[in-house]
Amino acid sequence: MFDFTVDATSGRARAGSLTLPHGTVETPVFMPVGTQGTVRALSPNDLRSVGATLVLANTYHLHVRPGEHVVATLGALHRFMAWDRPLLTDSGGFQVFSLEGFRRVDEDGVEFQSHVDGGRRRLTPERATEIQWTLGADIAMAFDHVVPGGADEATARDALERTLRWLARCAQRHRELADGRTGERAVSDGAVVRPSARPPIRQTLWPILQGGAHRALREEGVRRILDMNSWTGLAIGGLSVGEPKPVMYNLLEAVEPRIPSPIPRYLMGVGFPEDLVAAVERGVDLFDCVAPTRNGRNGSAFTPDGPVNIRNAEHREDPRPLDESCDCETCTTFSRGYLRHLFVAEELLGLRLLSLHNVRYLIRLAQDMRAAIRRDAFGPWADAWRRRYLRSGSA
Ligand SMILES: [Zn+2]
């Protein structure tokens, strides 16, 4: 049920198929981010129309509001958000560590202040695993300790060690839940995980590699994660958090050869087109990022010739589509001039149309990369892609 097969390679780039309870995902793949159980401004039909196969939802946000038991009462996350294809939930670690305001980390977990009602809450490896089990996504992520990109070695070492100890606790709790050994065990906030609240379909748990920008820590972290268990996937976290891009690329080059080929590699939070190409070139299979929807709502669109800001006056009377090569609803229906008008007039449709196009752009980019890998022509494809995308100098 959690099978991954590498179908083709070209250099280090890989094309594969990831089989999950709710369907098969062809890789490389870009996952749109549904922070609060919705990819902002897009409906499930929109997501299907742009070829989304795997969507990410956010454990922290769904725990704080509406609460995982509300989601479970309404049929678990797939039913709740009406998405019948595969889902991945992140663990909440990244959100808890990026929140402004109160936060206290100890060996047991993290105490933090809810951004919704200001109340004190606590997440532990066990709680994060229970919440994700209750939500019922196909893939759950381990609860990790995230440090800023510029963290010194001692800080990064401390976070790596804690993340590894927490990983063992997540894996233990996940095994208990998967074995049905939930009983009526009270959990830390007084809620109870009842067998009836368990989704009928099983879920897999992926570890997250930390280690900051320190190569030796990353290499050691991979080895220790792999020694711990036979995982069905492995995520690389804590990158694209402010470190220079060459640092990220060098770390990927150091880490990737140490991960056995049948394990899919998920680079968390990376989603600018040039980063996707560079990471696939270095053996990464899965990505997620809020960039396509966030930038889309700001009027910034990805195109094969680099980013375009649709608000610019030059588009006022432009009859051309946003991206002549794109098959999305936005590009097959509307002119740049009309899209600019929507943004200038602050119409909601503009936000939806640019979000839709940007998600389609990244999904198609992943599909194009997959096709190039299957032709064993990834290198020349990537060179040609970069020549065109970076030519404008605005990217
Ligand atoms: Zn489009």
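Residues numbered from 1 in each chain as written. Predicted model: local features only at pLDDT ≥ 70, side-chain atom pairs only at ≥ 80, totals over all residues. Heavy atoms only, no water.

(A) Expanded view of the packing of helix H13 (residues 336-344) against helix H14 (residues 348-374). The contact between H13 and H14 brings their axes to 7 Å, and the two run at 130 degrees. Of the possible angle classes, the one that applies to H13 and H14 is oblique. In terms of crossing hand, the pair formed by H13 and H14 is left-handed. Across the interface between the two elements, Tyr338, Leu339, Leu342 and Phe343 from H13 touch Leu349, Gly350, Leu351, Leu353 and Leu354 from H14. Of the residues contributing to the contact of H13 with H14, the split by class is eight nonpolar, one polar and no charged. (Axes fitted to C-alpha atoms, helices over the stretch in contact; angles between N-to-C directions. Helix = DSSP H or I, 4+ residues; strand = E, 2+ residues; numbered from the N terminus. Parallel < 35°, antiparallel > 145°, perpendicular 65-115°, else oblique. Left-handed = near helix turned anticlockwise from the far one by under 90°. Contact = heavy atoms within 4.5 Å. Nonpolar A, V, L, I, M, F, W, Y, C, P; charged D, E, K, R; others polar.)

(B) The coordination of the zinc ion, seen in detail. Taken together, the protein ligands of the zinc ion are Cys326 (SG), Cys328 (SG), Cys331 (SG) and His357 (ND1), with distances of 2.1 to 2.3 Å. Seen from the zinc ion, its four donor atoms lie at angles of 96 to 121 degrees, and the figure they make is tetrahedral. In terms of primary sequence, the donors binding the zinc ion are separated according to C-x1-C-x2-C-x25-H. (Donors = N, O, S within 2.8 Å, 3.2 Å for Na, K, Ca; no water. Tetrahedral: all angles 85-135°; square planar, octahedral: opposite > 155°, others 65-115°.)

(C) Structural context of the packing of aromatic side chains. Scanning the entire structure with this criterion turns up nine aromatic pairs. Through successive ring pairs, a cluster of aromatic residues spans Phe378, Trp381, Trp385 and Tyr389. Over the aromatic face of Phe102 sits the side chain of Arg120, whose NZ or CZ is 3.6 Å from the ring centroid. (Phe/Tyr/Trp six-rings, centres within 6.5 Å; stacked < 30°, edge-to-face > 60°. Lys NZ or Arg CZ within 6 Å of the ring centre and 35° of its normal.)

(D) Focus on the sheet that holds strand S1 (residues 4-10). The sheet built from three strands is open, its strands ordered S1-S2-S3 with antiparallel pairing. Two strands bound the open sheet, and with one partner strand each, they are S1 and strand S3 (23-27). Strand-to-strand twist of the sheet, defined as the mean angle between neighbouring strand axes without regard to direction, takes the value 10 degrees. One ladder, built from five bridges, connects strand S2 (residues 13-20) with S3; its direction is antiparallel. By the bridge assignment, Thr19 is partnered in S3 with Thr24. (Pairing = 2+ DSSP bridges.)

(E) The arrangement of the pattern of salt bridges in detail. Overall, the coordinates contain 40 salt bridges when judged by the stated rule. Among the ionic pairs, Arg391 bridges to Asp305, the shortest N-O distance being 3.1 Å. Remark: Asp305 occurs in the loop between strand S16 (300-301) and strand S17 (308-309) and Arg391 occurs in the segment after helix H15 (378-389); sequence separation between them is 86 residues. Assessed through its relative accessible area of 61%, Arg391 is described here as exposed. Put simply, Arg12, Arg14, Glu256, Arg265 and Asp285 are held in one network by salt bridges that share partners. (Salt bridge = Lys/Arg side-chain N within 4 Å of Asp/Glu carboxyl O. Buried < 20%, exposed > 50% of the residue type's maximum accessible area, 1.4 Å probe, protein only.)

(F) Structural detail: the pairing of S2. Burial analysis of S2 places seven of its eight residues in the buried class, which makes it a mostly covered element. Turn length for the S1-S2 hairpin, with the two strands adjacent in sequence and antiparallel, is two residues, and the turn residue Gly11 shows positive phi of about 65 degrees. Connecting the antiparallel pair S2 and S3 is a turn made up of two residues.

(G) Local environment of the sheet that holds strand S9 (residues 120-123). Taken together, the three strands give an open sheet; going across it, the order is S7-S8-S9, and neighbouring strands pair in antiparallel fashion. Two strands lie at the open edges of the sheet, namely strand S7 (103-105) and S9, each paired on one side alone. This sheet shows a mean twist of 15 degrees between the axes of neighbouring strands, independent of strand direction. The pairing of S7 with strand S8 (residues 110-113) spans three bridges and is classified as antiparallel. Each residue of the ladder has a partner; that of Arg104, found in S8, is Glu111.

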